[in-house]
Amino acid sequence: MKYISTRGQAPALNFEEVLLAGLASDGGLYVPEELPAFSQEEIASWAGLSYADLAFKVISPFVNDCIADADLKVMIDETYAGFNHTAVAPLKELGTNEWVLELFHGPTLAFKDFALQLLGRLMDHVLVKRNEHLVIMGATSGDTGSAAIEGCRHSKHVDIFILHPHNRVSEVQRKQMTTVLADNVHNIALEGNFDDCQEMVKASFADQSFLKGMKLGAVNSINWARIMSQIVYYFSASLAVGGPHRPVAFSVPTGNFGDIFAGYLAKKMGLPISQLVVATNHNDILHRVISGNDMSKQSLVHTLSPSMDIMVSSNFERMLFDVYDKHGASIDDLMKRFKTESVQLDPAKWEKVRELFDSYAVDDEATCQTIADVHAETGYLLDPHTAIGVKAARECIRDKAVPMITLATAHPVKFPDAVLKAGLESPALPEHMADLFDREERMTVLDNDIAGVQAFIADNVTP
Ligand SMILES: *Cc1c(COP(=O)(O)O)cnc(C)c1O
């Protein structure tokens, strides 16, 4: 399978190259030239497969000319064997046709584990084969960092540098990153916000000269392998509630548009999905684009759902590329203008976007109210990101006869502030990390200055 850039200029790559590349050289993101498509009969025949076996079915068409099936199978099996629930991604019923898909049973308690625990193995496998070393640089609003570090900590072929906004991630999130003391793991606390971190990573990919010949790899959701891994649980959730014989709807708490984009791809690959809801917090640019064709940046606000405190959603570009009939020049023009000004989508393309997605923005107050309401109704404790998804699902639902599944993107223990504000008690840490607060931490606080950050990285890579 070939992968092409959303800006139309960079060379096409194969899976292995895309896995190591990150951003395309023309500033775009890589997408498959064509998607695999599955028939209803084929999808139906997967009912009863284990999560890992299902993952192999969905993922292998994207990978199969680069990695042998047997090797891929082992990596997938090991990845999901590391989750703390036999179903891997269990569904919980909140009410009639109202479900949450628990994606927080991985080692770092957020859905990022689904992709990043596999990504670490895929990268290591390919680097061993090529006898290469990779410097990973990633920005995190909290959950990506810990999952990526967990995925890479054992790789001898990777140095990983994770930038997080200093004092802007929750304590559990920070500790999950900074208590990994492996020599190849480096945590940078940047004096800035998440968009500053992300911008610095993007600029470093565009000009890698500071690495003096070493190569930079990406763990953010610009890395195609992350999106690919997330397609799987849309299939598993549908199969669990009677799909593909009946349609299902999904509500997805959204930041960088990666997770919801995976749902959009699942639909294009043949899964009957009747509705996709984009749920945002106060940082609602995606909601404003989808509902009113207003793609304008506003200043970033820190909310109780920090993993969604993002203004520039990189994966939105992947969806637009599709909607603009894969016309790279149009996307290049749009995204370049968006850097400095407010933009609108072409009216006909915007109509398409509106047909594909519903959207809703939820502020902190409504987030806490939803946590409290759902707990009172059902006894179930939502994390703030998931609460935004549930609230958006309830507001946007079109057909009450269709199961509406909200992606539960994190365990509530990661975000005790919101749970306490909702008037509830924070749950205890799961057993495998009960001693998290006693572990030693290591991180470096740096100014919001790219030269300083790049010098730190150059000084700390394995020679
Ligand atoms: C990363 C994250 C999100 C947003 O996911 P995107 O793929 O960036 O849209 C939502 N909730 C939690 C808990 C996250 O960690």
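Look above for the structure.
Predicted model only: the values in this text are computed from it and were never measured.

S.K.: Before we go on, may I ask you to explain the site of the ligand in this structure?
M.R.: Near the ligand lie 15 residues; those nearest to it are K112, D143, G255, N256 and T409. Between the ligand and K112 there is a distance of 2.6 Å, counted from an oxygen atom to a side-chain nitrogen or oxygen. Within the side chain of T409, one N or O atom sits 2.9 Å away from a nitrogen atom of the ligand. Contact with the protein chains removes 97% of the 380 Å² of surface that the ligand exposes when unbound. Judged by its atoms lying within 2 Å of the grid points, the ligand is housed in the largest cavity. A breakdown of the residues in the shell around the ligand according to their chemical character gives 5 nonpolar, 7 polar and 3 charged.

S.K.: Can you help me understand the sheet that holds strand β4 (residues 98-102) in this one?
M.R.: In a beta sheet, neighbouring strands are held together by backbone hydrogen bonds and run either parallel or antiparallel to one another. In spatial order, the strands read β3-β4-β12-β9-β10-β11; together these 6 strands make up an open sheet with mixed pairing. Of all the strands in the sheet, just β3 (91-95) and β11 (358-361) have a single pairing partner and so form its edges. With direction set aside, neighbouring strand axes in the sheet form an average angle of 25°.

S.K.: Any chance you could explain the pattern of salt bridges here in plain terms?
M.R.: Where charged atoms of side chains with opposite charge meet at close range, the side chains can pair. With the rule as written, the count across this model stands at 28 salt bridges. Among the ionic pairs, K414 bridges to D143, the shortest N-O distance being 2.8 Å. Of this pair, K414 sits in the loop between β12 (404-408) and α17 (416-421) while D143 sits in helix α6 (residues 143-152), and the two are 271 residues apart along the sequence. Here the two residues K414 and D143 agree in accessibility, since each one is buried. With its nearest N and O atoms 3.0 Å apart, the salt bridge here joins K391 to E395. With a gap of 4 residues between them, K391 and E395 both fall in helix α16 (residues 384-396), about one helical turn apart. Among the charged side chains, a network of salt bridges with common partners joins E16, K129, R130, E132 and K215.

S.K.: Quick question: what am I supposed to make of the layout of surface pockets here?
M.R.: With a probe scaled to a water molecule rolled over the atoms, the places where space remains empty come into view. Of the pockets and cavities examined, the largest pocket occupies roughly 800 Å³. Residue lining of the largest pocket: 34 residues in total, with L23, A24, G27, K202 and A206 positioned closest to the centre. Of all the secondary-structure elements, those providing two or more residues to the lining of the largest pocket are α1 (15-21), α8 (194-206), β8 (215-217) and α13 (328-340). For the lining of the largest pocket, the leading source of residues is α8, giving 8 residues.

S.K.: It is not clear to me how the pairing of strand β6 (residues 158-165) should be interpreted in this structure. Could you clarify?
M.R.: As a general feature of sheets, a regular strand has side chains that alternate between the two faces. Along β6, 8 of the 8 residues are buried, which leaves the element largely enclosed by surrounding structure. Burial of the side chains of β6 extends over both faces: V158, I160, I162 and H164 are buried on one face and D159, F161, L163 and P165 on the other. Pairing of strand β5 (residues 134-139) with β6 involves 6 bridges; the strand directions are parallel. Bridge pairing in β6 links M137 to F161. As a crossover connection, the stretch from β5 through α6 into β6 is right-handed. Relative to strand β7 (residues 185-190), β6 is paired through 6 bridges, and the arrangement is parallel. Its bridge partner being in β7, P165 is matched across the sheet by L190. For the segment spanning β6, helix α7 (residues 171-178) and β7, crossover handedness is right-handed.

S.K.: What am I meant to see in the nonpolar core here?
M.R.: Nonpolar side chains tend to gather and get buried jointly when the protein is soluble and globular. Counting residues in each nonpolar core, the largest one holds 110 residues, and the members touching the most others are F15 and F235. F15 has contacts with M1, Y3, F62, V63, C66, I67, L122, W224, A225 and M228, leaving out every residue within four places of it along the chain. Grouped together as the second largest cluster of nonpolar side chains are 25 residues, L23, A139, C197 and I457 included.

S.K.: Explain the side chain of S146 here, please?
M.R.: Topologically, S146 is positioned in helix α6. Beyond its immediate sequence surroundings of up to four residues, S146 is in contact with T108, Q176, M177 and K414.

S.K.: Quick question: what am I supposed to make of the environment of V402 here?
M.R.: Along the polypeptide, V402 turns up in the loop between α16 and β12. For V402, a relative accessible area of 8% translates into the label buried. For the pair V402 and A55, spaced 347 residues apart in sequence, the C-alpha to C-alpha distance is 25 Å. Those residues in contact with V402 that lie beyond four places of it in its chain are N97, P247, V248, A249 and S274.

Calculation notes
- Residues numbered from 1 in each chain as written.
- Predicted model: local features only at pLDDT ≥ 70, side-chain atom pairs only at ≥ 80, totals over all residues.
- Heavy atoms only, no water.
- Near = heavy atom within 4 Å.
- Polar contact = N/O pair within 3.5 Å; in protein donor to acceptor, adjacent residues only side chain to side chain.
- Areas by Shrake-Rupley, 256 points an atom, 1.4 Å probe, with all protein chains shown as cover.
- 1 Å grid on protein atoms, 1.4 Å probe; cavity = no way out; pocket = protein on both sides within 12 Å on 5 of 7 lines; lining within 4 Å.
- Sits in = over half its atoms within 2 Å of the grid points.
- Nonpolar A, V, L, I, M, F, W, Y, C, P; charged D, E, K, R; others polar.
- Pairing = 2+ DSSP bridges.
- Helix = DSSP H or I, 4+ residues; strand = E, 2+ residues; numbered from the N terminus.
- Axes fitted to C-alpha atoms, helices over the stretch in contact; angles between N-to-C directions.
- Salt bridge = Lys/Arg side-chain N within 4 Å of Asp/Glu carboxyl O.
- Buried < 20%, exposed > 50% of the residue type's maximum accessible area, 1.4 Å probe, protein only.
- Points joined across faces, edges and corners; volume = space filled by probe spheres on them.
- Right-handed = clockwise from strand over helix to strand, strands pointing away.
- Core = buried A, V, L, I, M, F, W, Y, C linked by side-chain atoms within 4.5 Å.
- Contact = heavy atoms within 4.5 Å.

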